[in-house]
Amino acid sequence: MPNDIETSTIALIAKAGEIDAGKITRDTELAELEIDSLALTEIVMEIEDQHDIEIDLNTAEAWESLKTVGDMIDMVKALAAAQR
């Protein structure tokens, strides 16, 4: 399942940013992808639905913590593991 989370998260980011998923790695910075906060919010909502988790991104600190695709994947993996 951890690999599924990585694959599905990258796929959602690629779709939202209209980017080839093959060009996105864990080290890719979200800012590089030119994904605005609205698109990022939509990505987060889809991730929540796919993995039955809740991501609390209501504070500026939480948004600031998401610098790379890997940051987002790690957050999703941690929340999914906590749900088990």
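Residues numbered from 1 in each chain as written. Predicted model: local features only at pLDDT ≥ 70, side-chain atom pairs only at ≥ 80, totals over all residues. Heavy atoms only, no water.

S.K.: Run through the pattern of salt bridges, naming residues and quoting values.
M.R.: As a working rule, side chains carrying opposite charge can pair if their charged atoms are close by. Under the counting rule described, the total for this entry stands at three salt bridges. In this structure, the salt-bridge partner of glutamate 6 is arginine 26, at a minimum N-O distance of 3.9 Å. Within this pair, whereas glutamate 6 is found in helix H1 (residues 2–17), its partner arginine 26 is found in the loop between H1 and helix H2 (37–51), the two being separated by 20 residues in sequence. Note on glutamate 6: relative accessible area 19%, which makes it buried. Among the ionic pairs, aspartate 74 bridges to arginine 26, the shortest N-O distance being 2.6 Å. Here arginine 26 lies in the loop between H1 and H2 and aspartate 74 lies in helix H4 (residues 69–83), a separation of 48 residues in the sequence. Looking at aspartate 74, the relative accessible area reads 39%, which means it is partly exposed. Exposure remark for arginine 26: the relative accessible area of 29% places this residue in the partly exposed category. (Salt bridge = Lys/Arg side-chain N within 4 Å of Asp/Glu carboxyl O. Helix = DSSP H or I, 4+ residues; strand = E, 2+ residues; numbered from the N terminus. Buried < 20%, exposed > 50% of the residue type's maximum accessible area, 1.4 Å probe, protein only.)

S.K.: Break down H4 for me, with residues and values.
M.R.: The periodicity of an α-helix, 3.6 residues per turn, causes residues three or four places apart in sequence to face the same way. When the terminal C-alpha atoms of H4 are compared, their 21 Å separation across 15 residues agrees well with the 21 Å that a helix rising 1.5 Å per residue should span. Listed in full, the buried residues belonging to H4 are Val69, Gly70, Met72, Ile73, Met75, Val76 and Ala80. (Expected span 1.5 Å × (residues − 1).)

S.K.: A description of H2 should follow, citing residues and the corresponding values.
M.R.: For H2, with 15 residues, the first-to-last C-alpha span of 21 Å sits near the 21 Å given by 1.5 Å per residue. Buried within H2 we find Ala39, Leu40, Ile43, Val44, Ile47, Glu48 and His51. Directly after H2, the chain includes aspartate 52, whose backbone phi takes a positive value near 50°.

S.K.: How would you summarise a negative patch on the surface if you had to cite specific residues and measurements?
M.R.: Judged by side-chain charge, Asp36, Glu42, Glu46, Asp49 and Asp52 come together as a negatively charged surface patch. Mapped onto the elements of the fold, aspartate 49 is located in helix H2. (Patch = residues over 30% accessible without salt bridge, like charges linked within 9 Å, V, L, I, M, F, W, Y side chains within 5 Å. Areas by Shrake-Rupley, 256 points an atom, 1.4 Å probe, with all protein chains shown as cover. Lys, Arg positive; Asp, Glu negative; His and termini not counted. Charge placed at Lys NZ, Arg CZ, Asp CG, Glu CD.)

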